[in-house]
Amino acid sequence: MKLAVWPWILMLLATVPGQGPRPIAAHPYKVSESEKSQLVNETHWQYYGTSDSMGNLSLTWNTSVLPTPTVTIELWGYDETGEPYSEKWTAKWSYLYPLATNIPNSGFFTFTPKPAPLAYQRWKVGALRIISSKNYAGEQDVLALWTNDHALAWHLGDDFRADSVTWARAQCLAWEAQEDQLPNFLTELPDCPCTLAQARADSGRFFTDYGCDIEHGSVCTYHPGAVHCVRSVQASPRYGSGQQCCYTEAGTQLLTSDSTSGSTPDRGHDWGAPPYRTPPRVPSMSHWLYDVISFYYCCLWAPECHRYMKRRPSSDCRSYKPPRLASAFGDPHFVTFDGTSFSFSGHGEYVLLEASLTDLRVQGRAQPGTMPNGTQAHGTGLTAVAVQEDTSDILEVRLAGWRGALEVLLNHEALSFTEQNWMDLKGMFLSVASEDKVSIMLSSGAGLEVSVQGPFLSLAILLPQKFLTHTHGLLGTLNDNPSDDFTLRNGQVLPVNASAQQVFQFGANWTVYNTSSLFTYDSEFLLHNYVNQPKHDPNFKPLFPNEITLSPSQSEEVTRLCEGDPFCMLDVMSTGSLSVGNSTRFAHQLHQDRLRNLQPVVSCGWLSPPSNGHKEGLKYLAGSVIRFGCNSGYSLAGAEISTCLADGTWSAPTPECQSGRNYTVLLSIIFGGLAIVALVTVIYVLLSRHRKGNVSVWRSQP
């Protein structure tokens with residue numbers, strides 16, 4: 001744990017050695033749970049004082065992280081003051097008062113809240129801090145444990161406890177009036193992906209919302225009915241705002257126009273934005289002031305949610321364009337942004353991607369593999385990837401020896417992830433979900449995912465549509481024209497059906513220059529092989545596909561494993577390893593799955609229900625059907641059904657519900673009644689005839 005003046009700033013353990021710790025902004029939910037104090041039943045804390053929500057409150061903490069015999073527990077409040085969006089707009093944490101002083105460091109504290117003195121009740125959002133009793137109250141730059149920030153319902157006054165609904169309604173109306181005076185931030189937010197599959201695949205621009213994560217049980221407290229939400233990674237350029245997108249189990253986007261469970265955009269991006277200490281860019285806290293506490297006022301503590309949703313409407317996806325995908329994996333094999341597939345088993349360092357639009361550079365190092373008998377294989381694989389965009393930090397991800405784990409280097413120095421797995425760096429964000437997967441999100445919206453697949457690295461790169469016509473390198477020229485993907489540095493273009501040997505020369509042409517290398521050379525091995533030797537090893541001879549001959553037994557075994565995947569088959573032959581071939585097949589399948597998830601879909605946009613009526617259906621993509629109906633006493637004027645067409649338009653607009661009897665229903669009742677009368681008449685006649693016949697027969701019997 002590190003010292004913190006404010007709970008949203010965390011000092012990383014491993015930053016730049018020799019230059020001291022480097023401050024990196026950290027959202028409270030991105031900090032290890034052991035580094036925080038825990039509010040027991042957090043919902044109870046934030047509803048305290050409302051109807052049937054009283055009693056004791058408790059918190060816990062890890063005593064080993066704060067080694068002291070006695071502690072003090074303090075309340076701090078957060079506020080932002082001054083004219084919004086001006087230089088006078090400032091953020092401030094304020095020490096308010098102690099909850100307990102000089103109590104045993106037992107790891108547990110419980111108390112019965114009392115209304116705070118009037119002077120402190122203006123703070124509605126804050127957090128608790130636990131410090132050693134040796135420190136004076138409110139002392140800064142000391143070892144401390146913080147809780148998550150939360151709504152301070154429990155310290156509000158008697159007026160809140162006496163009638164929380166009336167109190168909250170007044171706060172909601174005040175927020176509404178203030179909100180209507182602020183600039184419209186919605187116009188600069190990106191549209192949401194249309195489907196859950198798109199949202200999870202577009203990892204360069206969107207990332208999991210910690211409050212609704214399908215990988216952690218879909219506990220979506222504020223979005224019931226959703227199974228997963230994502231947030232835009234980058235804050236909007238002018239206002240520092242953020243987008244949120246939530247989805248149902250069926251993969252459909254939830255909209256506030258249909259439900260209060262819908263996704264809501266944020267005036268203050270939940271994860272903050274540079275320079276972080278300036279409103280409304282303070283991680284978590286600005287979001288709490290402008291988007292969360294107002295949700296409590298209007299939706300949770302008072303029945304005024306329509307006011308909130310009107311000012312935080314969900315974005316639909318009519319203008320959303322999926323990113324373009326390229327991948328490198330296995331021996332290594334490449335699938336370009338325009339879909340060209342090829343293999344290039346060079347030994348050296350190569351330009352995977354350069355994009356002049358943002359001066360984006362991605363480089364890869366490929367090294368020979370090892371055969372099962374310990375000899376050098378006839379194929380290579382990626383062992384390191386480095387990236388920089390414009391003047392951003394330089395980030396390198398490489399295999400740590402042959403342990404199968406990843407090592408991440410920031411500006412040529414190794415990073416440690418003992419305290420958090422998310423870092424806000426210069427020009428990029430970094431997420432390390434596990435020891436074998438790293439996600440890099442660049443300020444341009446481009447994204448990289450580097451993972452371990454078998455003995456090598458697997459790389460996926462996502463580029464927004466704005467990169468069209470601006471790329472070159474091994475991953476091709478992004479222009480929807482596969483025929484020019486084999487473009488050399490001098491502009492010469494090899495044919496799409498170039499031989500494997502010609503493609504090898506294409507790859508060698510994109511060797512990294514020493515003067516432009518992004519890699520770190522911190523060992524004798526790296527210096528000898530990649531600095532003091534040619535960047536492309538002219539002596540390494542790979543195994544080309546047309547040089548492979550298989551015995552019948554080998555062919556059967558490879559066919560059974562690879563299931564027709566040519567990359568898998570080549571890797572088994574070049575490395576002599578079935579497991580390497582299987583890893584390649586799996587990586588190729590991941591690429592194909594992601595490509596399928598990123599296919600564009602057509603949206604017709606939200607369709608409203610009629611006034612004095614209703615609709616059935618919450619899907620708005622091509623092929624979706626919406627049905628309309630009217631309330632009692634109204635009749636439908638217009639189409640009862642509207643279908644989303646392939647051109648992005650609805651087959652019919654929302655109909656009207658006109659005052660008066662619903663004649664369709666009335667006629668149904670009338671004709672239904674007439675039909676019943678007719679049926680009864682027929683049955684009566686038949687029964688009468690049947691009865692007369694029986695009588696005649698009876699009379700004729702002796």
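Residues numbered from 1 in each chain as written. Predicted model: local features only at pLDDT ≥ 70, side-chain atom pairs only at ≥ 80, totals over all residues. Heavy atoms only, no water.

Below, the discussion takes up the packing of aromatic side chains. Enumeration according to the criterion identifies 39 aromatic pairs in this entry. Here Phe-111 and Trp-154 contribute two aromatic rings whose centre-to-centre distance is 5.7 Å and whose plane-to-plane angle is 80°, an arrangement assigned as edge-to-face. Here Phe-111 is found in strand S7 (residues 108–111), whereas its partner Trp-154 is found in the loop between strand S10 (150–151) and helix H2 (158–162), with 43 residues between them in sequence. Side by side, Phe-111 and Trp-154 carry an identical accessibility label, which is buried. (Phe/Tyr/Trp six-rings, centres within 6.5 Å; stacked < 30°, edge-to-face > 60°. Helix = DSSP H or I, 4+ residues; strand = E, 2+ residues; numbered from the N terminus. Buried < 20%, exposed > 50% of the residue type's maximum accessible area, 1.4 Å probe, protein only.)

Within this structure, the stated rule accounts for nine disulfides. The residue that forms a disulfide with Cys-229 is Cys-246, at a sulfur-sulfur distance of 2.0 Å. Across the disulfide from Cys-229 to Cys-246, rotation about the S-S bond amounts to roughly 110°, and the bridge is consequently right-handed. Here Cys-229 is found in strand S12 (residues 228–232), whereas its partner Cys-246 is found in strand S13 (residues 244–247), with 17 residues between them in sequence. With respect to burial, Cys-229 and Cys-246 carry one shared label: buried. For Cys-604, the disulfide goes to Cys-644, at an S-S distance of 2.0 Å. (Disulfide = S-S within 2.5 Å.)

Looking now at helix H5 (residues 285–300). Across its 16 residues, H5 extends only 19 Å between first and last C-alpha, which sits more than 12% below the 22 Å expected from 1.5 Å per residue. Helix geometry: H5 is bent most strongly at Asp-291, by close to 35°. Summarising burial for H5: 15 of the 16 residues are buried, a large majority. (Expected span 1.5 Å × (residues − 1). Bend = angle between axes of the 7 residues up to and from the residue.)

Pairing in this open sheet of seven strands is antiparallel, and the strands run S22-S21-S20-S19-S18-S17-S28 from one edge to the other. Every interior strand has two partners, whereas the edge strands, strand S22 (413–414) and strand S28 (471–472), have only one. The sheet contact formed by strand S20 (residues 395–399) and strand S21 (residues 406–410) spans five bridges and is antiparallel. Paired with Leu-399 across the bridge in S21 is Leu-406. (Pairing = 2+ DSSP bridges.)

On to helix H7 (residues 500–509). Think of an α-helix as turning once every 3.6 residues; residues three or four places apart then point the same way. Listed in full, the buried residues belonging to H7 are Val-503, Phe-504, Phe-506, Gly-507 and Ala-508. On the buried face of H7, the contacting elements are strand S16 (341–343) and strand S17 (348–355). (Contact = heavy atoms within 4.5 Å.)

Moving on to unusual backbone geometry. Going from Pro-274 to Pro-275, the amide bond is cis rather than trans, its omega being 5°. Here Pro-279 and Pro-280 are connected by a cis peptide whose omega angle stands at -5°. Examined against the element boundaries, Pro-280 turns out to sit in the loop between S13 and H5. Residue Asn-411 is not a glycine yet carries a positive backbone phi of 50°. Looking at where Asn-411 falls in the secondary structure, it is placed in the loop between S21 and S22. What makes Asn-411 partly exposed here is its relative accessible area of 28%.

By themselves, these observations are geometric and do not establish any function.
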